[in-house]
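As a plain string of letters, each chain reads:
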Amino acid sequence: MLGYLLIFPVFSQAMARILHIGKYFPPFHGGIENFMADLMPAQTRQGETVAALVHDHHPHWQRFFSAVQAEQRPDNQLLYRAPCYGRLLYAPISPQFPVWLDKVIQRYQPNILHFHLPNTSAFWALFSKRARHCPWVVHWHSDVISHFHPLLKTAYQVYRPFEQRFLKQAQAIIVTSPPYLKASPALTPWQDKCHIVPLGIASQRLPKADDVALAWANQQWQAGKIRLFSVGRLTYYKGYEILIRAMQNLADAQLCIVGEGELKPRLQALIKTLDLQARVTLLGRCDAQQLAGLFTTSDIYCLSSLERTEAFGMVLLEAMYYGKPIVASRIQGAGVMWVVEDGKTGQLVEPNSVPALVAGLQHLIANPHEREQFVRQAYQRFNDLFTIESVAEKISTIYADCLTH
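Residues numbered from 1 in each chain as written. Predicted model: local features only at pLDDT ≥ 70, side-chain atom pairs only at ≥ 80, totals over all residues. Heavy atoms only, no water.

Novice: Now, about the packing of aromatic side chains: what can you tell me, with residues and values included?
Specialist: Counted by the stated rule, this structure contains 19 aromatic pairs. The interplanar angle of 55° and the centroid separation of 5.6 Å between the aromatic rings of Phe 123 and Phe 166 together place this pair among those described as tilted. Remark: Phe 166 occurs in helix α5 (residues 150–169) and Phe 123 occurs in the loop between β7 (112–117) and α4 (129–132); sequence separation between them is 43 residues. Here Phe 123 falls in the buried class, since its relative accessible area comes to 7%. Residue classification places Phe 166 among the buried positions, given a relative accessible area of 0%. (Phe/Tyr/Trp six-rings, centres within 6.5 Å; stacked < 30°, edge-to-face > 60°. Helix = DSSP H or I, 4+ residues; strand = E, 2+ residues; numbered from the N terminus. Buried < 20%, exposed > 50% of the residue type's maximum accessible area, 1.4 Å probe, protein only.)

Novice: Describe empty space enclosed by the protein, with residues and values.
Specialist: Per the stated rule, a full pass over the model turns up 2 cavities of 30 Å³ or more. The space that makes up the largest cavity amounts to roughly 50 Å³. Around the largest cavity, the lining residues are Ser 230, Val 231, Lys 238, Tyr 240, Tyr 301, Cys 302, Leu 303, Ser 304, Ser 305, Glu 310 and Val 315. Of all the elements in the fold, those that place two or more residues in the lining of the largest cavity are β11 (226–231) and β14 (300–303). Along the lines of polarity and charge, the residues of the lining of the largest cavity split into 6 nonpolar, 3 polar and 2 charged. Space inside the second largest cavity adds up to approximately 40 Å³. Along the walls of the second largest cavity sit Ile 242, Ser 304, Leu 306, Ser 329, Val 349, Glu 350, Pro 351, Asn 352, Ser 353 and Leu 357, which together make up its complete lining. Among the residues forming the lining of the second largest cavity, the class breakdown is 5 nonpolar, 4 polar and 1 charged. (1 Å grid on protein atoms, 1.4 Å probe; cavity = no way out; pocket = protein on both sides within 12 Å on 5 of 7 lines; lining within 4 Å. Points joined across faces, edges and corners; volume = space filled by probe spheres on them. Nonpolar A, V, L, I, M, F, W, Y, C, P; charged D, E, K, R; others polar.)

Novice: So what's going on with the side chain of Ser 230? Residues and values would help.
Specialist: Within the element layout of this structure, Ser 230 appears in strand β11. Setting aside its immediate chain neighbours within four residues, Ser 230 contacts Tyr 240, Leu 243, Cys 256, Ile 257, Val 258, Tyr 301 and Cys 302. (Contact = heavy atoms within 4.5 Å.)

Novice: Just give me the short version of helix α3 (residues 97–108), but keep the residues and values in it.
Specialist: An ideal rise of 1.5 Å per residue puts 16 Å on 12 residues; α3 measures up with 16 Å between its terminal C-alpha atoms. Among the residues making up α3, those that are buried are Phe 97, Trp 100, Leu 101, Val 104, Ile 105 and Tyr 108. Seen end-on, α3 carries its buried residues on one side only, within an arc spanning 130°. Buried-residue contacts for α3 involve β1 (17–21), β2 (49–55), β4 (78–82), β7 and α4. (Expected span 1.5 Å × (residues − 1). Arc of directions from axis to C-beta.)

Written out as structure tokens, the structure reads:
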């Protein structure tokens, strides 16, 4: 009997049959999508059986009546992409999603449903008998931040009752950092269900820059300048206007920004107005090798985000992995200020403040020895907390608890 009790938790974890339910999946570019793509193989290596149901990020009207079918991924992982016809207020438009959800559960027979929120389509599970018969694990990647968009603010009043009912149904809620759990109004009633598990990345997904990528990256930089680097969507909460304005006071520095987004024309106009074309470059979208080259050849990574929409800052993990000292915004209630330990693994500055960002960058530029210390300590923190293997192990423990209670 004692032997049975000793092996039972291991048996439960090995038998986990997981269906992830998210918005999209690579090649769609996004932090949650990359995290799912890293997590699923790590779970497979742990002996779990894994599949995912997401939306097809390419609108295909001819697929309206298509049958439920899966893409076969490596290690026998299954990926189902439900037809989708665009987005409304950032939410996928997918009228077939509830049908696909029910049929995938029937066909795949999961014993854990792992939902990645926010995602309005996940709420269809509330109306599915098959879904309600499985334990639910909710991965809380972000609150719905609605203040910047009047229509979204109104829509959230409709969304919130479903969100709270959904959280009530969940057996466990995964939150990615202590500050986010403490600050989230949506999670306040459900603290007893919440588990802190940081996001992680698979280091094998991040390539070592080859000679071609390094040569290309070096062509982007000017000789003799401190190389500042940032990656992210060109959107309001990333704070790129603040970062670009800071460059007026950093004559010895050059900035390269990778990413696309709706603010690109406005940022290009600002660069021209401030006469910074020689020292600030918007590089658009880059492939994995080009990103590796830029990370490798840069001197300091900058995250200038303004608010809790930047819930965690996945790209900070990449900067740690590539050995870059970080200057990031001290966003109250966001994971950024936990991922980056101020004065140990990076420099935190007040958000939405050009003088504060300038001061933080000037300090690191003037102190190369401190930059080296940050790099060593950040790489150690990455290996201690943010590898996808350690994250997958913590999540497996949560699954096992759900399956035994």
